[in-house]
Amino acid sequence: MEFKDYYQLLGVSKNATAEEIKKAYRKLARKYHPDVSKEPEADQRMQELNEAKAVLSDPEKRLAYDQLAKRYQSGQDFQPPPDWDAGFEFSGRGFEEADLGEFSDFFANLFGQGGRSGRAGRGHRMRGEDRHAKVFIDLADAFHGATRAITLHVPQVDAQGRVVSREYTLSVRIPKGVKEGQHIRLTGQGSPGVGGGPAGDLYLEIHFTPDPRYRVERRDVYQTVPVTPWEAALGASIETPTPSGAVKLKVPPGSQTGRRLRLKGRGIPGPEPGDLYVELEVVLPPADTDKARELYRTMAQELAFDPRQRRGG
Amino acid sequence: MTQQPVVSGEVIDEATLTLEDLARACSVDTDWVVERIESGLLADGSPYVASWRFTSRDLTRARRMSQLERGFEAAPELAALAADLIEENHRLKDRLRAAGLGDD
């Protein structure tokens, strides 16, 4: 585990005032807000910022952290020394302002479960925090269901009473029919409780891995299917892959690029299944052989066709 | 130590979350949720709000609002306004993608 320099993360000096810390946080939080940021790893940066703010904007935790920081530099390998926070009394858990479960191992080791003083036998029983994680699945998983492995880090109190970070992998069943943005709740898989309290829940937020073949809107799925000019002009029965498997598709005669065919109920399954929209894209064969060029010339001579005339252009 | 239990969860949709579930998942107290529902900032128009049940969409919005309020010390109305704009932005991006236009 690496030592985190919270001052460096916020870009403030060690003697920054509370107001300066707040301002620096807000400026960076705007930049890295995951809903709007185009910065790489915005989610992780935001988590670090939240963590830095949670510590540095709390006078008690800042003081304890400053004592510890005297001995470490950013990135340096770090293990919290025994009794590192002796003499500091944190007020309760002190993290009403943050989702504790979303902070780093470094943070959890220092302040997890309210810090050492929080587990020093005050005798209170408290439910663990809920945790949140994003999971990316393939669109096909929403059609068929899947099992996905998710790695989590959970602060845990060991037999010696120290907070340790435990890494574990959960295999989670992703049920058929989940939608983008939907949550799956795993009861009791959140942060452990305090004083024998129950563990919190883990909420997984489902997102689809971007797939250039498919586009999704709610339960409806859109895909483009290339067709030949003769299939489009004369009509044809073609086979095309879809997220639910290959389907036979009737191309109506006289189709053009952009023609949209709806396959009712072939979108994401559910109580009200979505539809699959297939958009045709007419692809011209290349005129790269004498034979192909001859065929194009024949069409030019035999077909009275001028698409610009039709448009009036 | 690594463990690999296979777990099944419940899909939060329609009406699965209670008021207490929602508040806990957002690290706020239930009053926070109630105040924002009564002011029409949260779960507005949801058919389940009358029975105090909440959907995935409500959870996403409530977390977003609570984070905006904390991070920027924003008034609830301002956080709700930002959440409205973010949601609208996501809707439009989805439609752009569905139309094959991308969002870059």
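Computed from a prediction, not measured in an experiment: that's the story for all the values here. (Residues numbered from 1 in each chain as written. Chains lettered and ligands numbered in written order. Predicted model: local features only at pLDDT ≥ 70, side-chain atom pairs only at ≥ 80, totals over all residues.)

Peer 1: I'm lost on the overall build of chain A in this one. Help?
Peer 2: When its secondary structure is counted, chain A shows 10 helices and 11 strands. Looking at chain A as a whole, 28% of its 313 residues qualify as buried. In chain A, of all internal contacts separated by at least 6 residues, the share reaching a separation of at least 24 is 62%. (Helix = DSSP H or I, 4+ residues; strand = E, 2+ residues; numbered from the N terminus. Buried ≥ 20, exposed ≤ 12 C-beta atoms within 10 Å, placed from the backbone. Contact = placed C-beta atoms within 7 Å.)

Peer 1: Explain unusual backbone geometry to me, please; I cannot follow it from the model alone.
Peer 2: Among all residues except glycine, the phi angle is most often negative; among peptide bonds, the trans geometry is most common. Despite not being glycine, Arg 218 of chain A shows a phi value in the positive range, around 50°. With respect to the helices and strands, the residue Arg 218 of chain A is situated in the loop between strand E6 (214–217) and strand E7 (220–227). Phi at Ser 27 of chain B takes a positive value of approximately 55°, unusual for a residue other than glycine. For Ser 27 of chain B, a count of 21 C-beta atoms within 10 Å puts it in the buried group.

Peer 1: Can you walk me through the nonpolar core in this structure?
Peer 2: For soluble globular proteins, the rule of thumb is that nonpolar side chains tend to be buried together. Counting 44 residues, the largest nonpolar core has Leu 204 of chain A together with Leu 22, Val 33, Leu 59, Ala 62 and Met 65 of chain B as its most contacted members. At five residues, the largest contribution of residues to this core is made by strand E5 (residues 202–208) of chain A. In terms of domain composition, this core takes at least three residues from each of domain 2 (125–210) and domain 3 (214–285) of chain A. With near-sequence residues (within four places) excluded, Leu 204 of chain A lies in contact with Ala 133, Val 135, Val 172, His 183, Ile 184 and Leu 186 of chain A together with Gly 9 of chain B. Tyr 6, Met 46, Ala 54 and Leu 56 of chain A belong to the second largest nonpolar core, which has 17 residues in total. (Core = buried A, V, L, I, M, F, W, Y, C linked by C-beta atoms within 7 Å. Domains from an automatic or database assignment.)

Peer 1: Just to check I follow, could you spell out the domain arrangement of chain A for this structure?
Peer 2: Note on interface size: it is often stated as the accessible area lost on association of the parts. Residue and element names in this part refer to chain A. Taken as a whole, chain A is organised into domain 1 (1–122), domain 2 (125–210) and domain 3 (214–285). One C-alpha centre belongs to domain 2, the other to domain 3; they are set 36 Å apart. Every contact between the two is made by nine residues of domain 2 and, on the other side, nine residues of domain 3. Per-element tally for the side of domain 2 that touches domain 3: the top contributor is helix H7 (residues 139–144), with four residues. Tallied by class, residues from the side of domain 2 that touches domain 3 come to five nonpolar, one polar and three charged. (Nonpolar A, V, L, I, M, F, W, Y, C, P; charged D, E, K, R; others polar.)

Peer 1: Help me understand helix H3 (residues 42–56) of chain A in this model?
Peer 2: Residues that lie three or four places apart on an α-helix share one face, since the helix turns once every 3.6 residues. Look at H3 of chain A: 21 Å from first C-alpha to last across 15 residues, which is about the 21 Å you get at 1.5 Å a residue. Those residues of H3 of chain A not exposed but buried are Met 46, Glu 48, Leu 49, Asn 50, Glu 51, Ala 52, Lys 53, Ala 54, Val 55 and Leu 56 of chain A. (Expected span 1.5 Å × (residues − 1).)

Peer 1: What is the right way to look at helix H3 (residues 56–72) of chain B in this model?
Peer 2: All names here are of chain B. With 17 residues, H3 extends 24 Å between its outermost C-alpha atoms, agreeing within 8% with the 24 Å of an ideal straight helix rising 1.5 Å per residue. Burial runs high along H3: 15 of the 17 residues are buried. Among the residues trailing H3, Glu 73 stands out with phi positive, at a value near 50°.

Peer 1: Looking at this structure, I do not really get the sheet that holds strand E1 (residues 131–137) of chain A. What am I missing?
Peer 2: Pairing between the strands of a sheet is mediated by backbone hydrogen bonds and can be parallel or antiparallel. The mixed open sheet is built from four strands, whose spatial order is E1(A)-E5(A)-E4(A)-E2(B). Bordering the open sheet on either side are E1 of chain A together with strand E2 (10–12) of chain B, each of which pairs with just one other strand. Shown here is a sheet whose adjacent strand axes are inclined to one another by a mean of 30°, direction ignored. Bridge count for strand E4 (residues 183–186) of chain A against E5 of chain A is four bridges, and the pairing is antiparallel. From the neighbouring strand, Arg 185 of chain A faces E5 of chain A, where its bridge partner is Tyr 203 of chain A. (Pairing = 2+ DSSP bridges. Axes fitted to C-alpha atoms, helices over the stretch in contact; angles between N-to-C directions.)

Peer 1: Would you take a moment to explain the confidence of the model for chain A for this structure?
Peer 2: It should be kept in mind that the predicted coordinates are not to be read in detail where pLDDT is low. Residues and elements named next belong to chain A. Looking at chain A as a whole, the pLDDT averages 82, with 80% of positions reaching at least 70. Helix H8 (residues 229–234) holds the highest mean pLDDT among the elements of chain A, 97, whereas helix H6 (residues 115–118) holds the lowest, 40. Note on residues 91–101: pLDDT under 50 across the span, and 26 contacts to partners over four residues away in sequence or across chains. Here residues 113–121 is a poorly scored stretch, pLDDT under 50, and it has 24 contacts once near neighbours within four places are set aside; other chains count. (pLDDT = per-residue confidence, 0-100.)

Peer 1: I keep staring at the sheet that holds E6 of chain A and nothing clicks. Help me out?
Peer 2: Taken together, four strands build an open sheet; the order of strands is E6-E7-E11-E10 (chain A) and the sheet is mixed. At either margin of the open sheet sits one strand with a lone partner, and together these are E6 and strand E10 (260–263) of chain A. The mean angle between the axes of side-by-side strands here comes to 25°, regardless of whether they run parallel or antiparallel. Summarising the sheet, E10 of chain A and strand E11 (residues 276–282) of chain A pair through four bridges and their orientation is antiparallel. Each bridged residue has a counterpart across the sheet, and for Leu 261 of chain A the counterpart in E11 of chain A is Val 278 of chain A. Its contacts with the sheet place helix H4 (residues 76–98) of chain B against E6 and E7 of chain A, and it is angled at close to 145° to E6 of chain A.

Peer 1: Would you mind showing me how to read the environment of Glu 51 of chain A here?
Peer 2: Looking at where Glu 51 of chain A falls in the secondary structure, it is placed in helix H3. C-alpha of Glu 51 of chain A to C-alpha of Ser 104 of chain A: the two residues are 53 residues apart in sequence and 7.8 Å apart in space.

Peer 1: Can you walk me through the interface of chain B and chain A in this structure?
Peer 2: The partner chain A presents 34 residues to the 29 residues of chain B that form the contact. Of all the secondary structure elements, the ones that give two or more residues to the side of chain B that touches chain A are strand E1 (6–8), E2, helix H1 (19–25), H3 and H4 of chain B. Here the side of chain B that touches chain A gets seven residues from one element, more than from any other, and that element is H3 of chain B. For the side of chain B that touches chain A, the per-class residue count stands at 11 nonpolar, 10 polar and eight charged. Taken together, the three bridges between E4 of chain A and E2 of chain B define a ladder with antiparallel strand orientation. Bridge pairing in E2 of chain B places Arg 185 of chain A opposite Glu 10 of chain B.

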